[in-house]
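Summary of structural features
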Amino acid sequence: MKPKTDKNTQTIVLVGGDKGGVGKSTVARTLCEYYQQEGVAFVAFDGDDTNPTLTRFYGRAERLSIKSPKGFEPLIANLEGGPAVQLVDLGAGSSMMLAEFTEATGFLYLAQEHGAKVTFVFVLAPTVDSINLLKILSEQYGDQIRYIVARNQAMPGNWDLWEKSKTRASVLGDLGGIELTIPRLDEAAFAVVDRLGLPWGEALQKREVTLVTRSYVFRWRQKVFAELAKAQEVLR
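In what follows, the accompanying structure is described. (Residues numbered from 1 in each chain as written. Predicted model: local features only at pLDDT ≥ 70, side-chain atom pairs only at ≥ 80, totals over all residues. Heavy atoms only, no water.)

1. What about the overall build of the protein?
A tally of regular secondary structure across the protein gives 12 helices and 7 strands. Compactness check: the protein gives a C-alpha radius of gyration of 17 Å against a globular reference of 18 Å for 236 residues, within 12% of the reference. Referenced to the eigenvectors of the C-alpha coordinate spread, the extents of the protein come out at roughly 55 × 40 × 30 Å. For the protein, buried positions account for 49% of its 236 residues. Sequence separation of 24 or more characterises 73% of the internal contacts of the protein that already satisfy a separation of 6 or more. Surface accessibility of the protein: about 11300 Å² in total, with carbon and sulfur atoms responsible for 50%. Charge separation in the protein, taken as the distance between the mean sites of 28 positive and 28 negative side-chain charges, equals 5 Å. (Helix = DSSP H or I, 4+ residues; strand = E, 2+ residues; numbered from the N terminus. Rg over C-alpha atoms; globule rule 2.2 N^0.38 Å. Buried < 20%, exposed > 50% of the residue type's maximum accessible area, 1.4 Å probe, protein only. Contact = heavy atoms within 4.5 Å. Areas by Shrake-Rupley, 256 points an atom, 1.4 Å probe, with all protein chains shown as cover. Lys, Arg positive; Asp, Glu negative; His and termini not counted. Charge placed at Lys NZ, Arg CZ, Asp CG, Glu CD.)

Structure representation (structure tokens):
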């Protein structure tokens, strides 16, 4: 193994939330386009065995089967000679396998030893369950990883639950997490792009996508990119 270094040579970005349907893949596929726009070399992994969405919108994404902890092994392999960013779209309920993998391999220590930083993008819904899952995650890994809390405005619920929670104070205050807001995209526009299986940028170039739909997508994508830019120091 290489000697420990303080130089950040790689960022491993895990996009999760541990609940299905909170918008993890939407955030992951948007991150792919953000990295492309910024000229960041990256590899993307689709870690959803049940409903692999990222590969549908980003064809170069590799499958990461995480039915067992060994499925995470490519993340270690890429620590040597890999790209600047490893991006993983985690499937729902993957936290146990990730924890077992981390324990069995010393993954977080290995990452640090090779100059890599781990950032967890937690896609948050305004529900007690979602906030509790973030609490569990933050208590499990503490300051070993960096946190981005992506508030998904498309999810129904009461955001006061999050605003007044001790978890928010802990993650954003004690652990130095960054909070981003993912705005809601017009439902009809989202449905069109989803049906066609297009990346956001490609949808903006397709004449079969109406100008009305393209206008919604353009403005939404612009806003999300601006939010991601706020966390660029921990995203790359």
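So, next bit.
2. Examining the nonpolar core
Counting residues in each nonpolar core, the largest one holds 40 residues, and the members touching the most others are V13, V15, L31, Y35, L87 and L235. Sorting elements by how many residues they give to this core places helix 1 (residues 24–38) first, with 6 residues. Here L31 is in contact with V13, V15, L87, L228 and L235, once residues within four sequence places are set aside. (Core = buried A, V, L, I, M, F, W, Y, C linked by side-chain atoms within 4.5 Å.)

3. As for the pairing of strand 4 (residues 85–90)
Burial of strand 4 is extensive: 6 of the 6 residues sit out of reach of the surface. Burial of the side chains of strand 4 extends over both faces: V85, L87 and D89 are buried on one face and Q86, V88 and L90 on the other. Pairing of strand 1 (residues 10–16) with strand 4 involves 5 bridges; the strand directions are parallel. Residue pairing across strands places V13 opposite L87, the latter belonging to strand 4. Pairing analysis gives 6 bridges linking strand 2 (residues 42–47) to strand 4, with the strands arranged parallel. If you follow V43 over to strand 4, its bridge partner there is Q86. (Pairing = 2+ DSSP bridges.)

4. Some points on the packing of aromatic side chains
Applying the stated criterion across every chain yields a total of 9 aromatic pairs. Ring geometry for Y35 and F42: centres 5.5 Å apart, planes at 40°, overall tilted. Taking the centre distance of 5.3 Å and the plane angle of 45° together, the rings of F101 and F107 count as tilted. Put simply, the rings of Y34, Y35, F42, Y58 and F225 touch in pairs and so form one group of aromatic residues. Between the NZ or CZ atom of R29 and the centre of the ring of F57, over which it lies, the distance is 3.6 Å. A cation sits over an aromatic face here: R29 above W200, 3.8 Å from the ring centre. (Phe/Tyr/Trp six-rings, centres within 6.5 Å; stacked < 30°, edge-to-face > 60°. Lys NZ or Arg CZ within 6 Å of the ring centre and 35° of its normal.)

5. Description of the sheet that holds strand 5 (residues 116–124)
As a general point, the strands of a sheet are linked pairwise by backbone hydrogen bonds and lie either parallel or antiparallel. Ordered by their spatial adjacency, 7 strands build an open sheet running 3-2-4-1-5-6-7, and the pairing between neighbours is parallel. The open sheet has two edge strands with one neighbour each: strand 3 (62–63) and strand 7 (178–182). In this fold helix 1 packs onto strand 1, strand 2, strand 4, strand 5 and strand 7, with an angle of close to 160° to the strand it touches most, strand 4. (Axes fitted to C-alpha atoms, helices over the stretch in contact; angles between N-to-C directions.)

6. Remarks on the pattern of salt bridges
Using the criterion set out here, one finds 12 salt bridges in the structure. A salt bridge links K135 to E139; the nearest nitrogen and oxygen atoms lie 2.9 Å apart. Taken as a pair, K135 and E139 lie in helix 6 (residues 128–141) at a separation of 4 residues, close to a single helical turn. On the basis of relative accessible area, K135 is assigned to the partly exposed category, the value being 35%. Classification of E139 as exposed rests on a relative accessible area of 57%. Measuring nitrogen to oxygen at the nearest pair gives 3.1 Å for the salt bridge that ties E179 to R168. (Salt bridge = Lys/Arg side-chain N within 4 Å of Asp/Glu carboxyl O.)

7. Some remarks on empty space enclosed by the protein
One way to see where empty space is left: roll a probe the size of a water molecule over the atoms. A complete count under the given rule lists 1 cavity of 30 Å³ or more for this structure. Lining the largest cavity are L14, L98, T102, F107, L108, V118, F120, Y141 and I145. (1 Å grid on protein atoms, 1.4 Å probe; cavity = no way out; pocket = protein on both sides within 12 Å on 5 of 7 lines; lining within 4 Å. Points joined across faces, edges and corners; volume = space filled by probe spheres on them.)

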